[in-house]
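Coordinate inspection notes
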Amino acid sequence: MINNSNLAPPMRLILDWLDGRQPQSTRTRATVSSSSGLGLLVLVCSLAGCSTIAARPELSPGSWAPLTVMNEWMPTRAVAGQYAVQNTQVPRASVLAQPPQTYDLTALIDMALRNNPVTRRQWQAARSAAAQFGAAQAPFYPQFDVQSATGYQRTIIELPATVGKLEQWQSEPVAELTYVLLDFGRRRSMAEAARNRLIASNFTFNRAIQNVVFGTQSAFYSIDAAHAAVTAAHQNLRLAQTDFEAVRQRVDLGLATEPELLLAKERFAESRFDLANAHLLVHDAEAQLAIALGVPANQVPAAQGLENQAVPNSLKANVEQLIAQASRERPDLAARVANLRASEADVAQAKAQFYPVLGLSANYGENVWNFTFGSPRTVQTAQPQYSGMLTLKWDIFTGFRRLNDVRRSEADREAARADLKLLELDTAAQVWRAYYEFQTSSSKYEYARSLLAAAHESYDANLETYRQGLSTIVELLTAERDLAGARYTLIQSKAELLTAYAAVAYAAGSVAVP
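Structural notes, computed from the coordinates. (Residues numbered from 1 in each chain as written. Predicted model: local features only at pLDDT ≥ 70, side-chain atom pairs only at ≥ 80, totals over all residues. Heavy atoms only, no water.)

1. Notes on the overall build of the protein
- What the protein contains, in helices and strands, is twelve helices and six strands.
- Long-range pairs, those at least 24 residues apart, make up 77% of the contacts in the protein with a sequence separation of at least 6.
- Within the structure as shown, the protein displays about 31500 Å² of accessible surface, and the carbon and sulfur contribution to it stands at 58%. (Helix = DSSP H or I, 4+ residues; strand = E, 2+ residues; numbered from the N terminus. Contact = heavy atoms within 4.5 Å. Areas by Shrake-Rupley, 256 points an atom, 1.4 Å probe, with all protein chains shown as cover.)

Spelled out as structure tokens, the structure:
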């Protein structure tokens, strides 16, 4: 029932009158006749209808688009609600195991493969290609259909000195069977193209899995490095606090100056800034890991620390062997080969269109009808209809369409060949780069370990000599800064080494590190 109190006064008057009562605001006034009220209602509805029709997209399409080049399009609340992304994320208790735990790399990879939409999308694409391959087998089978035209027809027939009338009820059920005997490779090439596209989609799915695995590895090492950087920042902050206290003690004893204390205080503030920046890097790494795992950023699980990760010593193969392995095992390379073969099948199908199609056709039906011609006579009958034919269809001239289809398919084939060659070169370059990045990262990690040991010894010596008055505050702060830098360098070099090791396996087309 309409709530009249929410309507505009004229409309409320009309609805009150049609409800059989006087309007609330006009109980003491003269009543309005029902005919005039009905006319006013028709007028208002007509105006509303005209305004609605004027806003139809076929009459005013511009009103459905952004009105100006400078302003955003503002959808109505109803439209915005229809297209708002619904929260389909599973609660945290369902995504992660309970109780909360620390996840190692293997567990995170398993979580990524289950949740990441990249693998799910490519899996569905492969299933779609499989269904397309199944559909491509249909022309090899006989095609059977049933149809019927049933209804009534009345026809006037002109006759000498009179007019005839034909009234007819008719039904023509027909069952038809067709089968292609010979098509000069059309069906075979179409099925071959579908098969190769299915194989390409399957290989692409395999590469998508490798992408997710490598993305998870990179994010895992990044977040481990970020957490280690926070730990190092806390250690550096404690060192800065120790230096500040040592300088203040010497100032209290009159053995150091106020500028030295200010330098120590400045270094302490820098350490606090570095700690805040390290926390920001952790949040950035959490966002990267959330994308790799396919979970919301506020549901990223805790990962094992970088100190628990073993450092690889060397690779089991040289760069030439890794390039050869990549050529054999990279799924995206195999997918490009399959796409090239699908393009070759498309060329064969386009050339087959120049040849005829030979087939069989058979049908059986009933012609069931009764009709009356004129007044007195009605005829009813039911007769069978059937046929069996050998059919031949040969397109002689199609406006050069077939010729241009061949040219197009041949161009697509050469483009696919070029794509394959480009990926071969890119694969070799990826393996080459990953191999030498690993070698360099391994050397940098060893240098970083030596650097940290030397920086630690230098700082301890400078702190002791400063307390004894044998070195300056500048020397102490320099040693502290060098120690802090050495800690960050070791953390970063270890994360880079682990990532480079995983990158070699990824470039070679293997989930397991070679």
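And the narrative resumes.
2. Brief notes about helix 5 (residues 105-115)
- Burial in helix 5 covers these residues: Leu105, Leu108, Ile109, Met111 and Ala112. Buried residues of helix 5 fall within an arc of 160° about the axis and therefore sit on the same side.
- Of the surrounding elements, those touching the buried residues of helix 5 are strand 1 (102-103), helix 7 (186-252), helix 8 (258-293) and strand 4 (302-303). (Buried < 20%, exposed > 50% of the residue type's maximum accessible area, 1.4 Å probe, protein only. Arc of directions from axis to C-beta.)

3. Digging into the nonpolar core
- By size, the foremost hydrophobic cluster in this structure holds 37 residues, and its most contacted members are Leu108, Phe220, Leu289, Leu293 and Ile491.
- At the level of secondary structure, the elements contributing two or more residues to this core comprise helix 5, helix 7, helix 8 and helix 12 (473-508).
- Per element, the largest residue contribution to this core is 15 residues, and it comes from helix 7.
- Ignoring any residue separated from it by four or fewer positions in sequence, one finds Phe220 in contact with Tyr103, Asp104, Leu105, Leu108, Leu289, Ala303, Gln304 and Gln309.
- Grouped together as the second largest cluster of nonpolar side chains are 19 residues, Ala326, Ala500, Tyr501 and Ala502 included. (Core = buried A, V, L, I, M, F, W, Y, C linked by side-chain atoms within 4.5 Å.)

4. Re the pairing of strand 2 (residues 143-159)
- Pairing geometry for strand 2 and strand 3 (residues 162-182), over 17 bridges, is antiparallel. Within strand 3, the residue paired with Phe144 across the bridge is Leu177.
- The turn linking strand 2 back onto strand 3 is made up of two residues, and Ala161 within it adopts a positive phi angle of 65°. (Pairing = 2+ DSSP bridges.)

Just distances and angles here, no functional claims.
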